[in-house]
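Listed here are the chains, written in short residue letters.
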Amino acid sequence: MAEIIDDLSEASGRKTLLKARFTELVALNFKIDPKILLDRIPAKLELDYFEGETYVSLVAMVLRRVRVWGIPLHVAGGFGEFNLRYYVRRKDVDGYQRGACFLKDYVSSSMAAWILGSLFKADFGRVKMKFDNTGFRSKETAAPKVDYRWKVDDRWNRIRVRGRKKMKNTGPGTKVGFILEHSNEYSSRGGRTFEYRASRPAWTVWDAAQANFTCDVKRLFGEEFVKPLAKRPASVFVSTGSDVTIFRPIELT
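Read on for an overview of the structure. As the structure is a prediction and not an experimental result, all values here were calculated from the model.

Looking at the overall build of the protein chain
- Scanning the protein chain from terminus to terminus reveals 4 helices and 17 strands.
- Since a compact globule built from 253 residues should have a radius of gyration of about 18 Å, the 17 Å found for the protein chain is in line with a globular shape.
- Dimensions of the protein chain, computed from the C-alpha atoms along their principal axes, are close to 45 × 40 × 40 Å.
- Put simply, 72% of the contacts in the protein chain that link residues at least 6 apart link residues at least 24 apart.
- Where the 45 positive side-chain charges of the protein chain centre and where its 30 negative ones centre are 6 Å apart.

Below, the structure written as structure tokens:
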């Protein structure tokens, strides 16, 4: 059962918390031993699996046209974000609700880190980021390329991925579909678990022809994730993204 902790709107059943354009997204997906995650799962949730395997994803993107409570969050040119996430589900009267929990989230804007941390009841770190992404505009014919860099102490970390071709099948039962269908977000604080429902259209996705990845995993996410992220990713994809609406949270009880 979910207890709604905020006022509801008559039109949609929930009021909007945040609207933004999630753009130029890249996801590196790694298999991981579920034992590493079990102690981190918030109450009322369980790990979700794809063909018996557990996954974490390192995701980077640019957020543009961000509005919180309908008020624009003015960051010129948008701001970069990257995070490490894992996938969970919970059963309700409509079946399963699926979403992601974030092991750690970083953004390039101090203001965004403070506001998002308050909204999502989570700790958003702030790092210096650069991004140079091409091929996402409709007039460009080449497959997209992403190049994200973020500074840890005095060293630059980096994700460079070149798309290969658009994926025709990203529906249920596919590995990419499994990642994409977990669009809700979950967080916990003080033993309380919160669900943030998200709404977005289907995304255009390219698989990767080439991927290079350098990251101080221990410093950013913890030593237990060093070995899993040192392996070859099980899959890599790039997406144009879309406008995304995230609704005010419910507390799971």
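Re the packing of aromatic side chains
- Per the counting criterion, the structure on display carries 12 aromatic pairs.
- With centroids separated by 5.7 Å and ring planes inclined at 65 degrees, the aromatic side chains of Tyr-87 and Phe-178 adopt a geometry described as edge-to-face. Taken together, the residues Tyr-87 in strand S6 (residues 79-92) and Phe-178 in helix H2 (residues 175-181) connect sequence positions 91 residues apart.
- By relative accessible area, Tyr-87 is classed as buried at 1%.
- Consider the rings of Phe-120 and Tyr-196, whose centres lie 4.9 Å apart with planes at 45 degrees: the pair is tilted. Taken together, the residues Phe-120 in the loop between helix H1 (110-119) and strand S8 (124-126) and Tyr-196 in strand S13 (residues 192-196) connect sequence positions 76 residues apart.
- Taking relative accessible area as the criterion, Tyr-196 reaches 1% and is therefore assigned buried.
- Among the aromatic residues, those joined into a ring-pair cluster are Phe-50, Tyr-55, Tyr-87 and Phe-178.

Quick notes on the side chain of His-182
- Locating His-182 in the fold gives a position in the loop between H2 and strand S12 (184-189).
- Accessibility expressed as a relative area gives 3% for His-182, which makes it buried.
- From its side chain, His-182 meets the backbone oxygen of Phe-178 in a polar contact 2.5 Å long.
- Setting aside residues no more than four positions away along its own chain, His-182 makes contact with Asp-48, Tyr-87, Val-88, Arg-98, Gly-99 and Ala-100.

Let's talk about the pairing of strand S2 (residues 16-32)
- Judged by how many residues are buried, S2 sits mostly within the fold: 13 of 17 residues are covered.
- Where S2 and strand S16 (residues 235-247) come together, 12 bridges link them in antiparallel fashion. Across the sheet, Phe-22 pairs through a bridge with Ser-242, a residue of S16.
- The pairing of S2 with strand S4 (residues 54-68) spans 12 bridges and is antiparallel.

Brief notes about H1
- Within H1, burial applies to Ala-112, Ala-113, Ile-115, Leu-116, Gly-117 and Leu-119.
- Its side-chain oxygen at 3.4 Å from the backbone nitrogen of Met-111, Ser-109 defines the N-terminal cap of H1.
- Of the residues one or two after H1, Lys-121 is the one with positive phi, at around 50 degrees.

Re the side chain of Arg-85
- Tracing the chain through its elements places Arg-85 in strand S6.
- No salt bridge is formed by the buried Arg-85, whose closest oppositely charged neighbour, Glu-81, lies at an N-O distance of 5.6 Å.
- Here the side chain of Arg-85 touches Asn-83 through a polar contact of 3.0 Å, side chain to side chain.
- Beyond its immediate stretch of four places on either side in the chain, Arg-85 contacts Tyr-55, Val-56, Ser-57, Val-59, Met-61, Ala-100, Cys-101, Phe-102 and Leu-103.

Describing the pattern of salt bridges
- Under the criterion given, the structure shown has 16 salt bridges.
- With a shortest N-O distance of 3.3 Å, Arg-21 and Asp-243 are connected by a salt bridge. Of this pair, Arg-21 sits in strand S2 while Asp-243 is found in strand S16, placing the two residues 222 residues apart along the sequence.
- Of the charged contacts in the structure, one is a salt bridge between Arg-90 and Asp-92, with a shortest N-O distance of 3.9 Å. Taken individually, Arg-90 and Asp-92 each receive the classification buried, so the pair is uniform in this respect.
- Members of the salt-bridge network, linked through shared partners, are Arg-90, Asp-92, Glu-195 and Arg-197.

Comments concerning unusual backbone geometry
- For Lys-121, which is not glycine, the phi torsion reads 50 degrees and is therefore positive.
- As for its placement among the helices and strands, Lys-121 is situated in the loop between H1 and S8.
- The backbone of Asp-153 sits at a positive phi, close to 55 degrees, despite the residue not being glycine.
- Summarising the element assignment, Asp-153 is placed in the loop between strand S10 (145-152) and strand S11 (155-166).
- Overall, Asp-153 belongs to the exposed group, its relative accessible area being 52%.

Each value, and the rule that gives it
Residues numbered from 1 in each chain as written. Predicted model: local features only at pLDDT ≥ 70, side-chain atom pairs only at ≥ 80, totals over all residues. Heavy atoms only, no water. Helix = DSSP H or I, 4+ residues; strand = E, 2+ residues; numbered from the N terminus. Rg over C-alpha atoms; globule rule 2.2 N^0.38 Å. Contact = heavy atoms within 4.5 Å. Lys, Arg positive; Asp, Glu negative; His and termini not counted. Charge placed at Lys NZ, Arg CZ, Asp CG, Glu CD. Phe/Tyr/Trp six-rings, centres within 6.5 Å; stacked < 30°, edge-to-face > 60°. Buried < 20%, exposed > 50% of the residue type's maximum accessible area, 1.4 Å probe, protein only. Polar contact = N/O pair within 3.5 Å; in protein donor to acceptor, adjacent residues only side chain to side chain. Pairing = 2+ DSSP bridges. Salt bridge = Lys/Arg side-chain N within 4 Å of Asp/Glu carboxyl O.

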